[in-house]
Amino acid sequence: MTLFVNDLTHMDVSLYCPERGLVGASWHVDVVLDGELGHDGMLFDFGEVKPWIKARLDGGMDHTLLVPTEAPGITVIECSEGLCLRASQPYPLEIRGPRQAFTLLPWKEITHGRLAERLSADLMRRPPPRVNDIRLELRPESIDGAGYQYSHGLRHHEGNCQRIAHGHRSRLHLWVQGQRAPDLERQWAEWLDGRYLVDEHDIVPASDDDIRGFLTLRYQASQGRFYLRLPSARCVIMPTPTTIEHIAAWLAQRVAESSGQSIRIAAFEGIDKGAMAEAHP
Ligand SMILES: Nc1nc2c(c(=O)[nH]1)N=C([C@H](O)[C@H](O)COP(=O)(O)OP(=O)(O)OP(=O)(O)O)CN2
């Protein structure tokens, strides 16, 4: 018997890409299970399959930085924080943090198809009773308008969002005088795409960095110590934590000031959730 659960949960990660650098990603998670029916006529109670798989993903790859360790220019070593990733292309980057904030993949590049195979195999290591195959699929959200892929970390978050390099692929909706403004949406999404969103309180003042055009961020959170150094040109600095509420309010204000118009915004954080804000020039 085959059971399926579409859109069981979402995965939000950042991945290191030798062509694009640090990139945020979000996927729908669809799952198919094969096995034998029990005396209750079920393969696996939907009420149990969902939390079982979500817990395995949340405790594993979700909200980690995915690192293709065979990609050119990558080194990963142990350090006092846990692991240290250094990359030389497309720009110099260093990220340090506790081990659980990284997923190391012995590959040259990361594709969501390959990740899904790996997750399916991980789930099958300890399958539930009567389940003899699990196939998981990671499905990018279909975004017909403007979208962008950003990375960030929330120092004050008690859960996995404290990890300094996790991210999202997000829609952006803007309204001017009650009408959606697709050109403006595209313009701002393009500007944000591939950026790291910085809370200015996390920046380590370092004059050398300023001169060389780099930013260093450092903070301590409940999972451990985090560190990130990357070119300032890849960053957008905000005066607040980069929660989606602050991103929405800050972006609405920037768009209003630059366009000279009153703006309403829906800023998504990954798939199907986010914050709304309004601003006036
Ligand atoms: N009110 C807010 N809550 C949370 C924010 C936020 O900005 N405002 N941000 C986060 C994290 O950044 C996180 O990356 C979001 O994680 P997500 O996976 O979307 O959250 P859940 O694990 O709760 O949801 P699932 O998609 O069901 O896994 C967290 N909270």
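Thresholds, definitions, all that
Residues numbered from 1 in each chain as written. Predicted model: local features only at pLDDT ≥ 70, side-chain atom pairs only at ≥ 80, totals over all residues. Helix = DSSP H or I, 4+ residues; strand = E, 2+ residues; numbered from the N terminus. Rg over C-alpha atoms; globule rule 2.2 N^0.38 Å. Buried ≥ 20, exposed ≤ 12 C-beta atoms within 10 Å, placed from the backbone. Core = buried A, V, L, I, M, F, W, Y, C linked by C-beta atoms within 7 Å. Contact = placed C-beta atoms within 7 Å. Expected span 1.5 Å × (residues − 1). Pairing = 2+ DSSP bridges. Near = placed C-beta within 6 Å. Nonpolar A, V, L, I, M, F, W, Y, C, P; charged D, E, K, R; others polar. Axes fitted to C-alpha atoms, helices over the stretch in contact; angles between N-to-C directions. Arc of directions from axis to C-beta.

Visitor: What should I look at first to understand the overall build of the protein chain in this one?
Guide: Tallying secondary structure elements over the protein chain gives 5 helices and 17 strands in all. The C-alpha atoms of the protein chain give a radius of gyration of 20 Å, which matches the 19 Å a tight globule of 281 residues would have. Dimensions along the principal axes, computed over C-alpha positions, put the protein chain at roughly 65 × 50 × 30 Å. For the protein chain, buried positions account for 37% of its 281 residues.

Visitor: Would you take a moment to explain the nonpolar core for this structure?
Guide: Across soluble globular proteins, nonpolar side chains have a tendency to be buried as a group. In this structure, A248, L251, A252, V255 and I265 are the most contacted members of the largest nonpolar core, which totals 70 residues. With 9 residues, helix α5 (residues 244-259) is the largest single contributor of residues to this core. When residues no more than four places from it in sequence are discounted, the contact partners of V255 are L174, L184, W188, I263 and I265.

Visitor: When you look at α5 in this model, what are you seeing that I'm missing?
Guide: Residue pairs three or four apart in sequence face the same way in an α-helix, which turns once every 3.6 residues. With 16 residues, α5 should reach 22 Å at 1.5 Å per residue; the first-to-last C-alpha distance of 22 Å fits that figure. Turning to α5, its buried residues number three or more, namely I244, I247, A248, A249, W250, L251, A252, V255 and A256. Looking at the packing, one finds that the buried side of α5 touches β10 (166-176), α3 (182-192), β12 (196-199), β15 (235-238), β16 (263-268) and β17 (274-279). Immediately downstream of α5, the backbone of G260 shows phi near 70 degrees, a positive value.

Visitor: How should I be thinking about the pairing of β16 in this particular structure?
Guide: For a regular strand, the rule is simple: side chains alternate between the two faces of the sheet. Here β16 lies mainly inside the structure; 5 of its 6 residues are buried. As paired elements, β10 and β16 share 5 bridges and run antiparallel to each other. Note on β16: the bridge partner recorded for L174 is I265. Inspection of the sheet shows β16 paired to β17 by 6 bridges, in the antiparallel sense.

Visitor: Got a minute to help me understand the site of the ligand in this structure?
Guide: T9, H10, D12, L154, H157, C161, H166, T243, I244, E245, E269 and G270 make up every residue found near the ligand. When contributions to the shell around the ligand are tallied by element, the ones reaching two or more residues are β1 (2-17) and α5. Element by element, the count of residues in the shell around the ligand is highest for β1, at 3 residues. Of the residues in the shell around the ligand, the class split is 3 nonpolar, 6 polar and 3 charged.

Visitor: How do you make sense of the sheet that holds strand β2 (residues 21-35) when you look at a structure like this?
Guide: Each strand in a sheet pairs with its neighbour through backbone hydrogen bonds, running either in the same direction (parallel) or in the opposite one (antiparallel). The 5 strands are arranged β7-β3-β1-β2-β8 in an open sheet whose pairing can be described as mixed. The outermost strands of the open sheet, each flanked by one partner alone, are β7 (102-105) and β8 (131-140). Mean inter-strand twist for the sheet, computed between neighbouring axes without regard to direction, equals 35 degrees. Of the pairings in the sheet, the one linking β1 to β2 comprises 13 bridges and is antiparallel in character. Paired with V13 across the bridge in β2 is A25. Along the sheet, helix α1 (residues 46-58) makes contact with β1 and β2, crossing β1 at roughly 15 degrees.

Visitor: Explain the sheet that holds strand β13 (residues 214-221) here, please?
Guide: Taken together, the 5 strands give an open sheet; going across it, the order is β4-β5-β6-β14-β13, and neighbouring strands pair in antiparallel fashion. Of all strands in the sheet, those bounded by a partner on one side alone are β4 (74-79) and β13. Going from strand to strand, the sheet's axes swing by 10 degrees on average, the running direction of each strand aside. Of the pairings in the sheet, the one linking strand β6 (residues 93-97) to strand β14 (residues 224-231) comprises 3 bridges and is antiparallel in character. Within β14, the residue paired with I95 across the bridge is L228.

Visitor: How should I be thinking about α3 in this particular structure?
Guide: Where α3 is concerned, the buried positions are L184, E185, W188, A189 and L192. The buried residues of α3 all sit within an arc of 125 degrees when viewed along its axis, so they share a single face. Away from the buried face of α3 by more than 90 degrees, exposed residues D183 and E190 are located. Phi for G194, located one or two positions after α3, is positive at around 75 degrees.

Visitor: Looking at this structure, how should I read unusual backbone geometry?
Guide: Negative phi characterises most residues that are not glycine, and trans characterises most peptide bonds. Here the amide bond leading from Q89 into P90 is cis, since omega sits at 5 degrees, within 30 degrees of zero. Considering the arrangement of structural elements, one finds P90 in the loop between β5 (82-87) and β6. Even without being glycine, R130 reaches a positive phi, approximately 75 degrees. Here R130 shows up in the loop between α2 (112-125) and β8. A tally of 15 C-beta atoms within 10 Å means that R130 is categorised as partly exposed. For Q177, which is not glycine, the phi dihedral falls at a positive 50 degrees.

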